[in-house]
Every structure is written in structure tokens, then in C-alpha cells.
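# Per-entry structural report
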Amino acid sequence: MSEVKISAETRTEFGKGAARRIRRDSKVPGVLYGHGSDPLHLTLPGHDLLLALRTPNVLISLDIDGKTNELAIPKAVQRDAIKGFLEHVDLQLVKRGEKVTVEVPVHAEGELAAGGNLLEHVLNALPVEAEATHIPEAVTVSVEGLAAGASILAKDITLPKGTTLAVDEDAVVLQVLAAQAEEAPEGEAAEGEEAAEA
């Protein structure tokens, strides 16, 4: 997993007015917390942060005021519900070699068995524990040939070395459902056909 370097500034202004001024300057207010230290309020460059957050569980190397360097992972990201821009970010302080619990996206690959079956993601992300500097970006699961009624449990997923499950191993991650055809009542079908002919 690669590190993304971002320069951050400590901030002393708080509240909605201060947050609006920060966002007007194309920056994002944030908080860095963890390891029993007091929360550190930061201002981060909006564009750089937006690019970094495209990678799930990205490891961010923060250059704070040009004085200190800290490693962090995003824990909570608030976006504007309509426009989608970043409003605020919570970052968790991590150390090299430290284990952290994160949710890793689950990607399915392959074709299900014939018959119009549907794949349901019971868990879109799999809770795992991994070293902060080696968090997997995603886990991939093969669903090739699975038929209705089949399911993939957390314990069935191959995890990268050094990564362990942080969820019950018997938790269902993916399941295959039979496609349900909707049958229209006989009278309605006939009316529909007549309308089509007209």
C-alpha cells in the first residue's frame, strides 16, 4: 500500500463560520486523533485529500506545519449530500507496525450459474485487522458457477498475509439468490396484449 503525502496546517478557529471560510479556500477542516493524545484540529488541501480518499483505507503521511510528520488513516468522511464536496474528515493516528481494524471492499468476479441468479452483497466491506502500513485495498472473491442458495462466508475469503478477520468467520459475505419472475394476473396480461395490438 502506498503512502500519500499531504501538507496540513493546525487550525485555531472552530465553528460553522470558520469551517465555511476554510472550505471557501478549497480546503477541508479535519481532526487527527489517537494514541491517547489530544485531538489535533487541522486544515487540509481539498483537492489533494479528495484524490487520496479515492483509495479505500489510504495511508496518509501528514506534514503538519512543516514541523512534524504523522501517519493517519481516514475514519470518517463527511460530504455534502447534494454536491458531494468534502465537508470534514476524521483521521486516526497510526504507527508503523501497529495493527488497525478497517473495512476492506469486497469485489466479486466470475459468472454465476445459468438461470438468471442474482448476487447479493450481504457485506459490501469485510472488517479485517491489518498492519497500518499494509492494509489491503480490497479482497476479490470468485463466484464462478455458483447457483441459487450458495453463499460465501468470511472464512472462505483468502486474505493477504498478515491480515486477519475482524468479524465472525461464519458471517455471510455474499449469497446467490434465485431470480424471481413476476407473474401478472391472467386478466392483466390479456389487457396488455390487446393494448399492444391497438
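If you're wondering where the values come from, they're calculated on a predicted model, not measured in any experiment. (Residues numbered from 1 in each chain as written. Predicted model: local features only at pLDDT ≥ 70, side-chain atom pairs only at ≥ 80, totals over all residues. Heavy atoms only, no water.)

## Digging into the environment of Leu91
Relative to the helices and strands, Leu91 resides in strand S6 (residues 86–94). Between the C-alpha atoms of Leu91 and Ile73, which are 18 residues apart in sequence, the distance is 5.6 Å. Aside from chain neighbours lying at most four places away, what touches Leu91 is Val31, Leu32, Tyr33, Leu44, Ile60, Leu62, Ala72, Ile73 and Pro74. (Helix = DSSP H or I, 4+ residues; strand = E, 2+ residues; numbered from the N terminus. Contact = heavy atoms within 4.5 Å.)

## Quick notes on the sheet that holds strand S13 (residues 172–177)
Taken in spatial order, the three strands make up an open sheet running S8-S13-S11, and their pairing is antiparallel. The open sheet has two edge strands with one neighbour each: strand S8 (118–121) and strand S11 (151–153). Averaged over all pairs of adjacent strands, the angle between strand axes in this sheet comes to 15°, irrespective of strand direction. By the bridge criterion, three bridges tie S11 to S13 in an arrangement that is antiparallel. Following the sheet pairing, Ile152 is matched in S13 by Leu174. (Pairing = 2+ DSSP bridges. Axes fitted to C-alpha atoms, helices over the stretch in contact; angles between N-to-C directions.)

## Describing the confidence of the model for the protein chain
In the predicted model, the protein chain carries a mean pLDDT of 82, and the fraction of residues at 70 or more is 90%. Every residue in residues 187–198 is under pLDDT 50, and counting partners more than four places away or in other chains gives zero contacts. (pLDDT = per-residue confidence, 0-100.)

## What about the sheet that holds strand S9 (residues 125–131)?
Strands sit in the order S10-S7-S9-S12 across an open sheet of four strands; the sheet is mixed. Two strands lie at the open edges of the sheet, namely strand S10 (139–142) and strand S12 (164–165), each paired on one side alone. Across four bridges, strand S7 (residues 99–109) lies against S10 in parallel orientation. Bridging from a neighbouring strand, Ala108 pairs with Val141 of S10.

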